[in-house]
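Coordinates in review
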Amino acid sequence: ELRELIRYRISLIEERAREYNRFDKVLQGANIKLYSVASHLSTESGMEMIRAIAKGETNEQVLASLTVGTMKKRPELEKALQGLIQPHQQKMLQMMLGHIEYLSQQIDELDAEVEARQQDNTALLEALDAIPGVGKQSAEVILAEIGTDMSQFKSAKHLSSWAGVSPGQNESAGKRKRSRTRNGNPTLKKTLVQCARAAGNTKTTYLSALHQRIASRRGAKIATVAVARAILEICYFMIRDGSMYHDLGADYFTERDHQGILRRNKKRIEALGYKVTVEKITA
């Protein structure tokens, strides 16, 4: 039941995101380039301007005065708001605004229902929320999809394979070749990838260091899936053992391979024609 509620909530959130995208399509048709100066149309400033446009306001100076924060300081804002809005476009914006308000109300109701059903797992959700990239809603999705009984999975690797964040098997003549990820739980996989992208953008965390380490060699997409798998395995051990998240730090891989880093950098400098002498600084 919880899984069905959360999956339906995800569908409503995605539908609301599509409505935000339709805002830009209508505004572009009126030659209003709001998306070029706003980080997203769902921001407070963006929604205030869209509501004013839907009511018939066309003066770019009045529209620009509705903004708050850093957007208000942008000199190109008034120029981006110069357009020609038609009555039928105003009507479409009004209907989209009404649909977004309705969807937001439904999402809030589902949030309350999910929270009521997860009262017994409040401490566990707060613990999972401490993982970089994992928010409250993401933790609810993970817990609803995999449950709280980890005995049904033989190991963290079995859970990763079931979720679809493990590499596929493509071996020929004893050589492992690059392959796509396995098919798995699509809802869980999508949520983990979103968390991995957020974790990769964090600073001074183990997961961001892992993402940078793999992305430099194999690309950002493969690194994102690898971080998604790491997040799921962290969740597995936290749920199974009842432990809290402990970040290893951004310098984990550097501290683990001192000699390797020295050897590689010395070799690169010597290849440029220099003689290198390495001496450790005493404390």
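1. Details of the overall build of the protein chain
Counting secondary structure elements, the protein chain contains 13 helices and 2 strands. For the protein chain, the C-alpha radius of gyration of 25 Å lies well beyond 19 Å, the compact-globule estimate for 283 residues. Here the C-alpha coordinates of the protein chain stretch approximately 70 × 60 × 50 Å along the principal axes. A burial count over the protein chain gives 37% of its 283 residues as buried. Taking the contacts inside the protein chain whose residues are at least 6 apart along the sequence as the reference set, 63% of them involve residues at least 24 apart.

2. Details of empty space enclosed by the protein
In the structure shown here, the tally under the stated rule is 1 cavity of 30 Å³ or more. If you add up the space inside the largest cavity, you get close to 50 Å³. Lining the largest cavity, in full, are Ile 32, Ile 53, Glu 57, Thr 58, Leu 63, Leu 81, Gly 83, Leu 84 and Ile 85. Partitioned by chemical class, the residues of the lining of the largest cavity number 6 nonpolar, 2 polar and 1 charged.

3. A few points about the layout of surface pockets
Taken as a whole, the largest pocket encloses approximately 540 Å³ of empty space. Lining the largest pocket are 19 residues, and of these Pro 167, Ser 179, Thr 181, Arg 218 and Ile 222 sit closest to its centre. Looking at the lining of the largest pocket, the elements with two or more residues in it are helix 10 (206-218) and helix 11 (220-241). Among the elements that line the lining of the largest pocket, the one with the most residues is helix 11, at 5 residues. The class makeup of the residues in the lining of the largest pocket is 6 nonpolar, 4 polar and 9 charged. For the second largest pocket, the calculated volume is near 250 Å³.

4. Notes on the pattern of salt bridges
Here the structure, examined in full by the defined rule, presents 15 salt bridges. Across the pair Arg 9 and Glu 140 runs a salt bridge, and its minimum N-O distance is 2.9 Å. You can see Arg 9 sitting in helix 1 (residues 2-29) and its partner Glu 140 sitting in helix 7 (residues 136-146), a full 131 residues away along the chain. We classify Glu 140 as buried; its relative accessible area is 3%. Ionic contacts of the salt-bridge type, sharing partners, join the residues Glu 15, Arg 18, Glu 19 and Arg 22 into one network.

5. Some details on the nonpolar core
If you look at the biggest cluster of nonpolar residues, it comprises 39 residues, and the most contacted ones within it are Ile 131, Leu 192, Leu 207 and Ile 231. In terms of nonpolar packing, the next biggest core, distinct from the first, is built from 27 residues, Val 26, Leu 27, Ala 80 and Leu 81 among them.

6. Details of the side chain of Thr 187
The topology assignment puts Thr 187 in helix 9 (residues 186-200). Judged by relative accessible area, Thr 187 falls into the buried class, the value being 15%. Not counting chain neighbours up to four residues away, the residues in contact with Thr 187 comprise Arg 7, Ile 10, Val 141 and Glu 145.

Procedures and definitions
- Residues numbered from 1 in each chain as written.
- Predicted model: local features only at pLDDT ≥ 70, side-chain atom pairs only at ≥ 80, totals over all residues.
- Heavy atoms only, no water.
- Helix = DSSP H or I, 4+ residues; strand = E, 2+ residues; numbered from the N terminus.
- Rg over C-alpha atoms; globule rule 2.2 N^0.38 Å.
- Buried < 20%, exposed > 50% of the residue type's maximum accessible area, 1.4 Å probe, protein only.
- Contact = heavy atoms within 4.5 Å.
- 1 Å grid on protein atoms, 1.4 Å probe; cavity = no way out; pocket = protein on both sides within 12 Å on 5 of 7 lines; lining within 4 Å.
- Points joined across faces, edges and corners; volume = space filled by probe spheres on them.
- Nonpolar A, V, L, I, M, F, W, Y, C, P; charged D, E, K, R; others polar.
- Salt bridge = Lys/Arg side-chain N within 4 Å of Asp/Glu carboxyl O.
- Core = buried A, V, L, I, M, F, W, Y, C linked by side-chain atoms within 4.5 Å.

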